[in-house]
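# Coordinate inspection notes
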Amino acid sequence: MISRRNIRVKVMQTLYALETMEQGTVKPGTATSLLNEKLDQTSQIFTYLLYCLTQVAQYAEIDAQTRASKHLPSAADLQVNTKIAGNEFIFQIINDKGFQVNLEQWKLKHLPEPDLMRKLYNTLTATDIYQLYIKDPARTKTSEKEIMEYLYKEILSKNELFIQHMEDNFLHWGDDAEMMDLLVANYMHKPHLFNFLQLISREKLEYARELLLTVLDKKEYCLELIKPKLQNWDPERIAAVDMLLMEMGVCEFLYFPTIPTKVTINEYIDLAKAYSTPQSGQFVNGILDNILKDLDQANLIKKVDRTKK
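An account of the accompanying structure is given in this report. Per chain, the residues get numbers from 1 upward, laid out in the order the sequence is written. The predicted nature of this model means local features are confined to residues of pLDDT at least 70 and side-chain atom pairs, given and counted, to a pLDDT of 80 or more, with totals for whole chains, interfaces and linings taken over all residues. With hydrogens and water stripped out, all remaining heavy atoms of the structure feed into the side-chain values.

Salt bridges, as used here, are contacts in which a Lys or Arg side-chain nitrogen is within 4 Å of a carboxyl oxygen on Asp or Glu. All chains considered together, the criterion is met by 17 salt bridges. A salt bridge links Lys70 to Asp77, with the nearest nitrogen and oxygen atoms 3.3 Å apart. Throughout this description, buried means an accessible area under 20% of the type-specific maximum (1.4 Å probe, protein chains only), exposed means over 50%, and partly exposed covers the range between. According to the relative accessible area criterion, Asp77 is buried, its value standing at 7%. In this structure, Lys158 engages Glu154 in a salt bridge whose closest nitrogen and oxygen atoms are separated by 2.8 Å. For Lys158, a relative accessible area of 57% puts it in the exposed group. Overall, Glu154 belongs to the partly exposed group, its relative accessible area being 35%. Connected through shared salt-bridge partners, Asp63, Arg67, Lys70 and Asp77 make up one network.

Written out as structure tokens, the structure reads:
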């Protein structure tokens, strides 16, 4: 469910955090502990996004009660449609034990701002899509899913106040936002397949930890391969993120036999473009490509077909 690209970002962030820490504060287990925290952030954001979906949908009941309790309620105030509050996907989320565990563990229930939930709900109810939804008294799996997808894609994801809210509460929201679109879409498609307590598969979790520990263990060797390729570049002046990405790339070349070298290069080019300087993609591409040629000539690249493993 969580992609290898997302895993690589978390490993890169962990390595960067370790490099900025004072030497005495880095102890055995610090690296994996930091990585687990960063991986947990992805689970936190996903859990919270679904919680916000439930809060906006269930605001229909709050709206109905508020309007009905007016001193002189109008006919419209007494006939607020609360269909969306009973959406089957809302109950699927709320009744998931893993979801509830995450809410409590990370204390996410206090984060939603009532005024923001109200604004998001009002934005939703003003749309033609919502009006068509509530006019149909029937509940079908298709219509129930479509309105929730619409709520996420067109209301939450495009609302500047909500995006700011996510940025304020989750430091690395920008890193995970794209991944969240995919995760939420997958959840809407097959909610019964999701395990909120293990959003990262064991295979990818093992990959994340192995990549992190391998880069730390093989750092000196990686630098021996990288520095000769820098030519007139001063290693001390190269962006720290570029160096980390190249070290990660070299480790994937040498120690991850099931990952094709072309995939590795393309992934780290994209990460360099996204997280470093405008020239970093081309720079990382050139260095990794040169190193790969040398490793190939020395017959040090040993790749296997994952399907034949």
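Turning our attention to the environment of Cys251. Only runs of H or I of at least four residues qualify as helices and only runs of E of at least two qualify as strands under DSSP, and these elements are numbered from the N terminus. Examined against the element boundaries, Cys251 turns out to sit in helix H12 (residues 240-255). Given a relative accessible area of 0%, Cys251 falls into the buried group. Considered as a pair, Cys251 and Leu39 are 212 residues apart in the sequence and their alpha carbons are 21 Å apart. Contact definition: two residues touch when any of their heavy atoms are within 4.5 Å. Those residues in contact with Cys251 that sit more than four places away from it in its chain are Thr214, Val215, Lys218, Cys222 and Phe256.

As a further point, take the packing of helix H10 (residues 202-217) against H12. Two numbers describe how H10 lies on H12: the axes approach to 10 Å, and their chain directions differ by 110°. Comparing the axis directions of H10 and H12 gives the class roughly perpendicular. Side by side, H10 and H12 meet where Tyr207, Glu210, Leu211, Thr214 and Val215 of the first sit next to Glu247, Met248, Cys251, Glu252 and Tyr255 of the second. Gly counts as polar in this scheme, as do all residues outside two lists: the nonpolar Ala, Val, Leu, Ile, Met, Phe, Trp, Tyr, Cys and Pro, and the charged Asp, Glu, Lys and Arg. Classifying every residue of the contact of H10 with H12 gives six nonpolar, one polar and three charged. An axis is simply a line fitted to the C-alpha atoms; with a helix, the fit covers only the stretch in contact. Between two such axes, the angle follows the N-to-C directions and lies from 0 to 180 degrees. An angle below 35 degrees is read as roughly parallel, one above 145 as roughly antiparallel, one from 65 to 115 as roughly perpendicular, and any other as oblique.

By the secondary structure assignment, Thr214 is in helix H10. A relative accessible area of 12% means that Thr214 is categorised as buried. What qualifies as a polar contact is a pair of N or O atoms within 3.5 Å, subject to a donor-acceptor requirement within protein and to the restriction that residues adjacent in sequence count only when both atoms come from side chains. A polar contact of 2.5 Å, which involves the side chain of Thr214, links it to the backbone oxygen of Glu210. Not counting the four nearest positions on each side in its chain, Thr214 is found in contact with Cys251, Tyr255 and Phe256.

What follows deals with the packing of aromatic side chains. By convention, a stacked pair of Phe, Tyr or Trp rings (six-membered ring in the case of Trp) has centres within 6.5 Å and planes under 30 degrees apart, an edge-to-face pair has planes over 60 apart, and any other such pair is tilted. One pass over the full model with this rule turns up eleven aromatic pairs. The rule for a charge over a ring is simple: NZ of Lys or CZ of Arg within 6 Å of the ring centre, and within 35 degrees of the ring normal. Directly above the aromatic system of Tyr133 lies the positively charged group of Lys83, at a separation of 4.2 Å from the ring centroid.

Before going further, it helps to examine helix H8 (residues 160-169). Residues spaced three or four apart along an α-helix face the same direction, because each turn holds 3.6 residues. For H8, the full list of buried residues reads Phe162, His165 and Met166. Taken end-on, H8 shows its buried residues confined to a sector of 95°, consistent with a single buried face. Residues Glu160 and Asp168 are exposed on H8 and point more than 90 degrees away from its buried face. Those residues of H8 that are buried lie in contact with helix H2 (30-68), helix H5 (114-125), helix H7 (141-156) and helix H9 (173-189). The distance from a side-chain oxygen at the start of H8 to the backbone nitrogen of Leu161 is 3.0 Å, and the residue carrying that oxygen is Asn159. Comment: arc refers to directions from the helix axis out to C-beta atoms.

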